[in-house]
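Results of the structural survey
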Amino acid sequence: MSEDAPRPLPDGGRPHSPVLRRMAGRGRDEEHRAATPLELFFDLCFVVAVAVAGRELVHALAEGHAAHGVLGYLMMFFTIWWAWMNFTWFASAYDTDDVLYRVVTLVQIAGVLILSAGIPRAFDDSNFSVVWFGYLVMRLALVSQWLRAAFSTTGAERRTALKYAAGVCACQVGWLGLLFLPDRARPWVFLVMALLEMAVPTIAEMTRETAWHPHHIAERYGLFTIIVLGETVSAATVAVQSALEESEALDELLPMAAGGLLLIFAAFWIYFAVPIHLHLASNRQAFLWGYGHYLVFGSAAAIGAGIEVAVEQAVGKAHISTFAASSAVTIPGAMFMFSVWLVHSRHYKRGPAQQLVLPVSALAVLACTFAGGNAVLLAGLVASATVVTGVWLSTRNPPLAQA
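Heads up: these notes are all about the structure in this document.

1. Thoughts on the nonpolar core
Proteins that are soluble and globular tend to have nonpolar side chains buried together. Judged by nonpolar contacts, the single largest core of 122 residues is most densely connected at F46, M76, I119, W146, W175 and Y221. Of all the elements, helix α2 (residues 66–94) adds the most residues to this core, at 17 residues.

2. So, helix α11 (residues 322–343)
Taking 1.5 Å per residue, 22 residues should reach 32 Å; α11 reaches 32 Å between its end C-alpha atoms and fits that length. Its maximal kink placed at A328, α11 deviates by approximately 30°, while the proline P332 follows within four residues.

3. Let's talk about the state of the cysteines
Scanning all chains against the criterion turns up 0 disulfides. Counting only cysteine sulfurs, C169 is the nearest neighbor of C171, a cysteine outside any disulfide, at a range of 9.6 Å. Note on C171: relative accessible area 5%, which makes it buried.

4. Details of helix α5 (residues 155–174)
Here α5 is 20 residues long and its end C-alpha atoms lie 29 Å apart, about the 28 Å a rise of 1.5 Å per residue gives. Within the span of α5, buried status applies to E157, T160, A161, Y164, A165, G167, V168, C171 and Q172. One side of α5 holds all its buried residues, which, seen down the axis, span an arc of 165°. Within α5, the exposed residues directed more than 90 degrees away from the buried face are R159, A170 and V173. Along its buried surface, α5 packs onto α2, α4 (129–152) and α7 (186–204).

About the criteria used
- Residues numbered from 1 in each chain as written.
- Predicted model: local features only at pLDDT ≥ 70, side-chain atom pairs only at ≥ 80, totals over all residues.
- Heavy atoms only, no water.
- Core = buried A, V, L, I, M, F, W, Y, C linked by side-chain atoms within 4.5 Å.
- Buried < 20%, exposed > 50% of the residue type's maximum accessible area, 1.4 Å probe, protein only.
- Helix = DSSP H or I, 4+ residues; strand = E, 2+ residues; numbered from the N terminus.
- Expected span 1.5 Å × (residues − 1).
- Bend = angle between axes of the 7 residues up to and from the residue.
- Disulfide = S-S within 2.5 Å.
- Arc of directions from axis to C-beta.
- Contact = heavy atoms within 4.5 Å.

Remember that the coordinates give geometry; whether it matters functionally is a separate question.
The following block contains the structure:
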């Protein structure tokens with residue numbers, strides 16, 4: 001079948017028209033299910049928001065406002081990640097690729113760009129109005145998709161779609177607390193609403209699971225990991241380039257750049273060491289894995305921000321200590337290793353030696369914080385040694401997926 005030909009519907013029928021098709025659930029055993037160009041475009045636009053959040057984190061850390069910066073970053077990143085994740089799982093189950101579906105998806109992209117524009121206000125002035133409006137645009141578009149799915153289905157599948165639509169609407173109203181409650185209450189509002197948001201899929205799919213595709217979901221998460229790591233490389237490169245234009249501190253910057261690059265390369269290798277789609281056999285396994293990627297994605301993006309902070313500190317532009325600047329790299333680096341092991345790779349490790357590699361390496365990367373100006377280089381070397389050790393152990397005792 002050519003790429004331009006209409007795709008058969010899961011029930012074996014043919015699309016009614018390329019403009020509007022019946023939105024029936026797709027099969028989990030569908031062959032050759034892969035990410036679409038629209039989904040890749042969606043990811044690229046979402047990374048714009050990730051980059052803005054990372055830039056604000058850099059500014060806060062460089063000025064010595066670590067608590068404020070980390071809290072703001074965690075809040076903004078959750079908003080970005082959750083909107084991305086909701087679309088990803090919906091698309092895996094109900095992507096019709098017709099005109100209406102594409103238009104609504106583009107509306108969601110417009111929403112994340114609005115949200116991105118509001119992130120600096122949220123960081124600097126605790127003004128969430130633009131962020132809330134951008135999130136509203138994305139969520140209403142998603143609700144329209146769920147209502148369309150409900151209109152196209154019957155029985156338990158229809159009830160699941162309606163539960164999703166109702167839950168998303170209710171949560172959007174709850175987010176109004178960020179606009180009207182005092183500043184000291186907003187972090188708690190955010191925590192409560194984040195928990196309620198994550199409860200919606202669990203409640204909605206309690207009686208009937210949506211038809212998400214394991215291989216497609218694994219590919220979508222992997223592609224987003226690549227794009228986030230690419231943004232991390234870009235941010236670190238720009239930081240080093242800017243520093244070189246204003247300083248001749250090559251003896252400090254070159255080891256730092258090398259260490260940062262090794263850390264990012266190792267992050268890529270570690271994440272893609274196992275074919276995780278074989279693990280995604282049920283909602284329970286898939287939801288724990290999918291939710292856990294908040295830590296994976298967030299720490300991966302924060303590595304780039306940390307490298308920027310370390311570079312700024314090395315050339316005297318950041319008003320923080322060397323220890324604090326090193327922590328900005330080693331903490332997210334260690335978090336990435338541990339979270340990838342916790343939610344992703346441990347399911348395919350055999351024996352205690354393989355299981356301990358990433359947790360022990362995460363502790364070793366944290367210990368690099370005390371290495372002063374060599375912390376980033378040393379963290380990169382530890383990450384590289386982690387990859388070498390993992391490859392060596394896998395040749396001696398292949399992981400479960402390869403056994």
